[in-house]
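Listed below, chain by chain, are the residues.
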Amino acid sequence: MHILLANNSPIPVYGYGGTERVIWDLGKALVQQGHRVSYLVPQGSHCDFAQLRLLQPDVPWEEQIPASVDITHFQFNPRTDVDRPYLVTEHGNARKPRPLPRNTVFLSRDHAARHGSTEFVYNGLDWDSYGPVDFGRPRPQYHFLGKAAWGVKNLRGAIRVAHLAGVELEVLGGKRLNFHRGLRWTLSRRVHFHGMVGGPRKMDLLNASRGLIFPVRWHEPFGLAVIESLYFGCPVFATPYGALPELVPAHCGVLSTRAAVLAEAVRNNRFDRRACQAHVLEQFGAQRMARDYLRMYERVLAGETINARPPIIEDPSRALPWSNLGAARSGWLSAGAIELGLWRFFH
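Residues numbered from 1 in each chain as written. Predicted model: local features only at pLDDT ≥ 70, side-chain atom pairs only at ≥ 80, totals over all residues. Heavy atoms only, no water.

**Here we look at the layout of surface pockets**
Note the cut-off: Site definitions follow a grid-based scheme: protein atoms alone, a 1 Å grid, a 1.4 Å probe that fits but cannot get out for cavities, and for pockets an open set with protein on both sides within 12 Å along at least five of seven lines, plus lining residues having an atom within 4 Å of a point. Grid points are joined across faces, edges and corners, and a volume is the space filled by probe spheres set on the points. Helix numbering and strand numbering both begin at the N terminus, where a helix is a DSSP run of H or I of at least 4 residues and a strand a DSSP run of E of at least 2.
Estimates place the volume of the second largest pocket at around 270 Å³. Lining the second largest pocket we find 14 residues, and of these Val13, Arg21, Trp24, Asp25 and Ser129 sit closest to its centre. Broken down by secondary-structure element, the contributors of at least two residues to the lining of the second largest pocket are helix 1 (18-32) and helix 5 (199-207). Looking at the lining of the second largest pocket, the element that brings in the most residues is helix 1, giving five residues.

Next comes the structure, spelled out in structure tokens:
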């Protein structure tokens, strides 16, 4: 089968970039399974295992899809009818309830259900590219992984949990002084910021962490930060929103909407690091993802429409409940930060 993977951002990714990382590993896995893969991507991309074609947003899709392509897999809504077999993966949460193409699939059971669908394929990653995990290495601190400037990722809550638990926190994906969506200035020297880190530096930080603190305030469509952390033997201390209950079984972490509960779980962390890794190796690898997408491709090529009606998000609201309180009502300053202005939580 010749599969065209279309994305509106360049590949590969070197720092932050979840979709780009997933479709790179998907394409590589499809090639390893005997299929031909091409990418339709913007200028600046390169790839050593697949042909690249330049994405031209103003040109009709039929003129950009080679005749030899069996199916085109869009990573965004093409927004026009495509007179060729195609599939769309929805990677995010829409802010407004707009219909999506009927051949759309989602990233988790919860993500699909919130769009009135039952069709999803879990993300997977090529774990060989992450390198070995040193389970015997000392791990004195915890980490947060995500776009810290984005309020729904709730770095503020992660710092609060770390403070209540009495642990140090490494922030991967943010800076100490933040001007985006409200000014945040974090004073605590027990919180260390590394910016939008990627590559070997990111792997080294994850290899030195005892766990991921991730109290998001929205419905995570999937959560690459979660499975990356689990691969490195890091249990997850997070909120039970979106796909997180599907990714984090009881032997791999604790889910709660209360900072005090997560902090207690962090203090009493006795999770088996190897069991955390084994979970993602079994459930969230690139080869499994490729096989699941091949089944979707085959359904489309057989003439099936994936959804009976256009999927549409049912509740686009984002700011979900979170309790920042601990055993003592010591306030935000004791968590080591000063809030100047408003932190926007997308009310």
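**Concerning the nonpolar core**
What counts is decided by this rule: We call a set of buried Ala, Val, Leu, Ile, Met, Phe, Trp, Tyr and Cys residues a nonpolar core when their side-chain atoms join them within 4.5 Å. We call a residue buried when its accessible area falls under 20% of the maximum for its residue type, exposed when it is over 50%, and partly exposed in between, using a 1.4 Å probe and counting protein chains only.
In terms of nonpolar packing, the biggest core is built from 64 residues, with Tyr39, Val226, Ile227 and Tyr297 touching the most fellow members. The dominant element in this core, judged by the number of residues it contributes, is helix 10 (residues 286-301), at eight residues. Core analysis: the second largest hydrophobic core is formed by 22 residues, Tyr142, Ala165, Val167 and Phe193 among them.

**What to know about the sheet that holds strand 14 (residues 253-255)**
Working definition: the strands of a sheet are paired by backbone hydrogen bonds and lie parallel or antiparallel to each other. Here is the rule we go by: Pairing between two strands requires that DSSP report at least two bridges joining them. In this analysis an axis means a line fitted to C-alpha atoms, helices contributing only their contacting stretch, and an angle means the value between N-to-C directions, from 0 to 180 degrees. For this analysis, residues touch if any pair of their heavy atoms sits within 4.5 Å.
Strand order in the open sheet made by the six strands is 11-8-7-12-13-14, with parallel pairing throughout. Each edge of the open sheet is held by one strand with a lone partner, namely strand 11 (191-193) and strand 14. On average, each strand axis in the sheet is tilted by 25° relative to the strand beside it, whichever way the strands run. Looking at chain direction, strand 7 (residues 141-145) and strand 8 (residues 169-172) are connected through four bridges and run parallel. Looking at strand 8, one finds that Tyr142 is bridged to Leu169. The strands touched by helix 4 (residues 155-165) within the sheet are strand 7, strand 8, strand 11 and strand 12 (209-214), with strand 8 carrying the most contacts at an inclination of about 165°.

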